[in-house]
Amino acid sequence: MKRVSKGLIAATLLTAAGITVRGSSHREALAILNEPCADNTDTYAWVSNGSHDKLYLIMDFNPLHEPGQGNQGLRACNGYRYEFHIAKGASLKDRVVYRVEFKNTLEREAPPSPTDPLGGGNELLWQLTGGTETMKVTRIEGSDDGDDWRDDDAVVLGRNLPVLPNNHGPQTDRLIYHLGDFKGYDSGDPTSREVGLYDQPFVDTFIHPLANGGRIIAGQFDDPYQLDEKGIFDLVNLNRDDLGGIPGARRPPAKDVFTGFNLFSIALEVPMSEIFAQGIPHNRQLRADSTDSLLRVWARISRRETQTVDANNIITGLKGSGDFVQVGRNALPLFNAGLVGTQRQTLYLRTSPLHDVTNFGADVLFPVLVRDAEALGIYKALGVPDAAVATLKGPRFDIINAINLGRPIPVADGFTGDVITLDAAIDSSFPNGRRLGGGSAPNRNQVNVNSVLISLIVAGDPAAGLAKGVEVNDKDYLDRFPFLAPAHQGLYQGHGGVNVPTQPNIPPPGGTP
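What this report covers is the structure whose coordinates are included nearby. (Residues numbered from 1 in each chain as written. Predicted model: local features only at pLDDT ≥ 70, side-chain atom pairs only at ≥ 80, totals over all residues. Heavy atoms only, no water.)

Structural notes on the pairing of strand E1 (residues 40-47)
Side-chain positions along a regular strand alternate between the two faces of the sheet. Counting buried positions along E1 yields eight of eight residues, so the element is predominantly enclosed. Two elements, E1 and strand E2 (residues 54-65), share seven bridges in a ladder whose sense is antiparallel. Counted as the bridge partner of Ala 45 is Leu 57 from E2. Between E1 and the antiparallel strand that follows it, E2, lie six residues; Gly 50 among them carries a positive phi value of about 85°. (Buried < 20%, exposed > 50% of the residue type's maximum accessible area, 1.4 Å probe, protein only. Helix = DSSP H or I, 4+ residues; strand = E, 2+ residues; numbered from the N terminus. Pairing = 2+ DSSP bridges.)

Digging into the sheet that holds strand E8 (residues 215-222)
If you trace the five strands from one edge of the open sheet to the other, you get E1-E2-E9-E8-E7, paired in antiparallel fashion. For this open sheet the edge positions go to E1 and strand E7 (208-209), each flanked by a neighbour on one side alone. The sheet contact formed by E7 and E8 spans two bridges and is antiparallel. Along E8, the bridge assignment pairs Pro 209 with Arg 215.

Details of the pattern of salt bridges
Under the defined criterion, the tally for this structure stands at 17 salt bridges. Here Glu 274 ties to Arg 139 by a salt bridge, and the two come within 2.9 Å at their closest N and O atoms. Within this pair, whereas Glu 274 is found in the loop between strand E9 (262-271) and strand E10 (294-309), its partner Arg 139 is found in strand E5 (residues 132-141), the two being separated by 135 residues in sequence. Between Arg 329 and Asp 356 there is a salt bridge; the shortest N-O distance is 2.7 Å. Taken together, the residues span a long stretch of sequence, with Arg 329 in strand E11 (residues 318-330) and Asp 356 in helix H9 (residues 356-365) at a distance of 27 residues. For Arg 329, a relative accessible area of 1% corresponds to the buried category. Because the salt bridges share partners, they merge into one network encompassing Glu 83, Arg 99 and Arg 300. (Salt bridge = Lys/Arg side-chain N within 4 Å of Asp/Glu carboxyl O.)

Remarks on the state of the cysteines
Following the criterion strictly, the structure yields one disulfide and no others. Disulfide partner of Cys 37: Cys 77, at an S-S distance of 2.0 Å. Handedness of the Cys 37-Cys 77 disulfide follows from its S-S torsion of about -75°: it is left-handed. Of this pair, Cys 37 sits in the loop between helix H1 (6-12) and E1 while Cys 77 sits in the loop between E2 and strand E3 (80-88); the two residues are 40 residues apart in sequence, bridging distant segments of the chain. (Disulfide = S-S within 2.5 Å.)

Concerning the packing of aromatic side chains
The tally for this structure, following the rule as stated, stands at 17 aromatic pairs. Pairing Tyr 82 with Phe 102 gives two aromatic rings, centres 5.6 Å apart and planes at 65°, and the pair type is edge-to-face. Taken as a pair, Tyr 82 in strand E3 and Phe 102 in strand E4 (residues 96-105) lie far apart in primary sequence, 20 residues in all. Like Tyr 82, the residue Phe 102 is buried in the burial classification. Summarising the aromatic geometry, the rings of Phe 481 and Phe 483 are spaced 6.4 Å apart at their centres and angled 90° between planes, so their arrangement reads as edge-to-face. Residues Phe 481 and Phe 483 agree in their burial class; the two are buried. Every member of this aromatic cluster is reached through a ring pair, and the members are Phe 61, Tyr 80, Tyr 82, Phe 102 and Phe 264. Taking NZ or CZ as reference, Arg 81 lies 3.7 Å from the ring centre of Phe 324, over its face. The cationic tip of Arg 193 hangs over the ring face of Tyr 185; the distance from NZ or CZ to the ring centre is 4.3 Å. (Phe/Tyr/Trp six-rings, centres within 6.5 Å; stacked < 30°, edge-to-face > 60°. Lys NZ or Arg CZ within 6 Å of the ring centre and 35° of its normal.)

Right, dumping it as structure tokens:
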């Protein structure tokens, strides 16, 4: 996107928006801070180009993992259900649900003795214990009349499928993953401690076929999101490049705080025939006044209602009981972080999109971010008239229209909500769905989603070019399934570094203003 001038921003403030907004929600709500296994960050949903015979779904969660941090690394989470919910047409009622459940196992052993061999449950590092991580994949069919899905309609698509292990480093690659010959310290050759062998072909061995003709992979990957979060969370402290060059803004550059971090991802490939058994209506034809080829996608995480301390559970130390309850959800991630007020963010995580109009309609119609931008002096610096600011404060039906892709969808519970809406009849191109990668370079997405979101809310124009921040990923995306970049290595990558003495005063960027 081109840098926008003050005049261009002011001139486009009242332009009707036609783009759905998507971003990321890393630990955005109070209720999720202490439950990272339920912390969705991003959801992606798009169809394969041309024939549109595949639906690709990605759910990211458990964010901000430093690759070299922690004795156990990033483990799959036991006791949670990770689900992709798919509705069709104008309705948000589930027609198909794909559920993934993880299971970690570790054999019990007697306490250590001097004659124990290498390995087993007494080892300090998970890689040496022989512990396993597997997953079960289930498809749950909704009824033809649109009633909610039920577990007794479930079909298992895969079970005991190994989870992609973590990218710890060179010795793990050789001793545990058997990717090359290991030479000990006594060899005098440091190669086994300095040259990693964890690569894309190894990652690909954990792509598993499913009984429905689809595929799945889950495990640790590079966090694919970019955001100048340092500025955003200092009360929207954007730099000059993000605000049309106004002199009162902080000096650039923006920095991506997710560089070098990993997270946990589930990537699922689904045959479109499972969604549209009779074929996609008017496939390869855009009918902007129709909803019959629309898919409405959101991701949900749930666990047992009651969690009791259980010392006999050597994996989690907990025992779950009672019904499964929703503890996290995600679709248009910055819907919660950029529109919903703090006092309702936990309500968002615990409720369904079916009730979003009642629960969060006012948050969308009267976006708080506009009032914040006014208080910070952004509009005055840009020369925006007071009347235009008053219009931006709401009601903002343009945002609702953007969420619904301009289609004839009722603005009512059960129809309008925080879901990714995509038209399966045409190639997915943001805002019609959201895909990973697909930009002008291998490390770029189709659209800078942060700029689209903040520009839409604050300027009324998704193309205003505000809050561009960082527009490239720290790794290249794949151009094929699973599209995610491999995880950063624990030993030589990530955020670790050589410490220097702390400066008594924080210097401004670039020295004296």
